[in-house]
Amino acid sequence: MIKKFYKSTFVVFILVFSIITPVFPNKTAEACYPAYQCMSKSILPTNYKLYFSNKNRSKGLLVGSLAIGAAGLIPGMSVTSFLAGSAFGIKEYSKGYMSYKVYIKRSSKSNKKGQLKFVYYKEKNFKGATKTTYSDF
């Protein structure tokens, strides 16, 4: 008798809750990734301003190459994934850029919001040869 009472109470609770729920407005969460996509053009600086910097990529390279390599050890995956992860890590450590800075500014083009400037450095702590790329958003 007690089990029947709890079951019927539970069913009534679910029914009442399902009827009341649509009355409350549903708020959708909005997120932007990467975050600069949400910036309005008016708040972006007119000249390049430092947005992000990473003075040592070696830990990220290590974790990334280990993750790719570890996928090769999952049953059903091939050993080539392990070899690819190892090769990726070795190539990035030996020939890759080990630090970088990202600058942001307002775009002069009317159909674009802003421009990112990436400056890559060959050595850690922003030293060595540099490579610069630009990206509009």
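Counting restarts for each chain, with residues numbered from 1 along the sequence as it is written. Reporting in this predicted model follows two pLDDT cut-offs: at least 70 for local features of residues, and 80 or more for side-chain atom pairs to be given and counted; totals over whole chains, interfaces and linings ignore these cut-offs and use all residues. Heavy atoms from the whole structure form the basis of all side-chain values; hydrogens and water molecules are not counted.

Participant: Please explain the overall build of the protein chain as it appears in this structure.
Facilitator: Only runs of H or I of at least four residues qualify as helices and only runs of E of at least two qualify as strands under DSSP, and these elements are numbered from the N terminus. In terms of helices and strands, the protein chain carries three helices and four strands. Order of helices (α) and strands (β) in the protein chain, N terminus to C terminus: α-β-α-α-β-β-β. When burial is assessed residue by residue, the protein chain has 19% of its 137 residues classed as buried. Within the protein chain, residue pairs in contact and separated by at least 24 positions form 55% of the contacts whose partners lie at least 6 positions apart. Here the term buried applies to any residue with accessible area under 20% of the maximum for its type, exposed to any over 50%, and partly exposed to those in between, with areas from a 1.4 Å probe on protein chains only. Note on contacts: a residue pair qualifies if any of its non-hydrogen atoms lie within 4.5 Å across the two residues.

Participant: Can you walk me through a nonpolar patch on the surface in this structure?
Facilitator: Exposure above 30% relative accessible area and the lack of any salt bridge qualify a residue for a patch; like charges then connect within 9 Å, and the nonpolar side chains Val, Leu, Ile, Met, Phe, Trp and Tyr within 5 Å. What sets the accessible areas is the Shrake-Rupley method with a 1.4 Å probe; for residues, cover comes only from the shown protein chains. When a carboxyl oxygen of Asp or Glu lies within 4 Å of a side-chain nitrogen of Lys or Arg, that pair is called a salt bridge. Residues Leu 73, Val 79, Phe 82 and Leu 83 make up a contiguous nonpolar surface patch of about 420 Å² in total accessible area. Within the element layout of this structure, Phe 82 appears in helix 3 (residues 79–95). The exposure class of Phe 82 is partly exposed, given its relative accessible area of 37%.

Participant: Help me understand the nonpolar core in this model?
Facilitator: If you look at soluble globular proteins, the nonpolar side chains tend to sit buried side by side. We define a nonpolar core as any set of buried Ala, Val, Leu, Ile, Met, Phe, Trp, Tyr and Cys residues linked to one another through side-chain atoms lying within 4.5 Å. With seven residues, the main nonpolar core is built from Tyr 36, Leu 44, Tyr 100, Val 102, Ile 104, Leu 116 and Phe 137. Dropping the residues within four chain positions of it, Leu 44 is found in contact with Met 39, Ile 104, Lys 105, Arg 106, Lys 113, Gly 114 and Phe 137.

Participant: Looking at this structure, I do not really get the pattern of salt bridges. What am I missing?
Facilitator: Two side chains bearing opposite charge may form a pair once their charged atoms approach each other closely. Under the criterion given, the structure shown has three salt bridges. The closest approach of N and O atoms between Arg 57 and Glu 92, which form a salt bridge, is 3.5 Å. Here Arg 57 is found in the loop between strand 1 (49–54) and helix 2 (58–71), whereas its partner Glu 92 is found in helix 3, with 35 residues between them in sequence. Of the residues examined, Arg 57 reaches a relative accessible area of 22% and is grouped as partly exposed. For Glu 92, a relative accessible area of 14% translates into the label buried. Here Glu 92 makes a salt bridge to Lys 91, at a shortest N to O gap of 3.9 Å.

Participant: What exactly am I supposed to notice about the packing of aromatic side chains here?
Facilitator: Aromatic ring pairs are reported here in terms of the distance separating the ring centres and the angle at which the planes meet. Stacked, tilted and edge-to-face are the three classes assigned to paired rings of Phe, Tyr and Trp, where Trp is represented by its six-membered ring and a pair needs centres within 6.5 Å; plane angles under 30 degrees give stacked, over 60 edge-to-face, the rest tilted. Tallied over the entire structure, the rule returns six aromatic pairs. Look at Tyr 48 and Tyr 134: their rings are 6.4 Å apart centre to centre, the planes differ by 45 degrees, and that puts the pair in the tilted class. Placement of the pair is Tyr 48 in the loop between helix 1 (2–20) and strand 1 and Tyr 134 in strand 4 (residues 127–136), with a sequence separation of 86 residues. Relative to Tyr 100, the ring of Phe 52 has its centre 6.0 Å away and its plane inclined at 45 degrees; by these criteria the two rings are tilted. Here Tyr 100 lies in strand 2 (residues 99–106) and Phe 52 lies in strand 1, a separation of 48 residues in the sequence. An aromatic cluster is present here, built from Phe 52, Tyr 97, Tyr 100, Phe 118 and Tyr 120 joined pairwise through their rings. Here, a charge over a ring means that NZ of Lys or CZ of Arg falls within 6 Å of the ring centre while also lying within 35 degrees of the ring normal. Seen from the ring of Tyr 103, Lys 117 lies directly overhead, with NZ or CZ sitting 5.7 Å from the centre. Sitting above the plane of the Tyr 97 ring, Lys 122 keeps its charged end 4.8 Å from the centroid.

Participant: What am I meant to see in helix 3 here?
Facilitator: Helical periodicity: at 3.6 residues per turn, an α-helix aligns residues three or four positions apart in one direction. The end-to-end C-alpha distance of helix 3, which contains 17 residues, comes to 24 Å, matching closely the 24 Å that a straight helix rising 1.5 Å per residue would cover. Against helix 2 lie the buried residues of helix 3. Here the expected span of a helix is defined as 1.5 Å times the quantity of residues minus one.

By themselves, these figures tell us nothing about what the structure is for.
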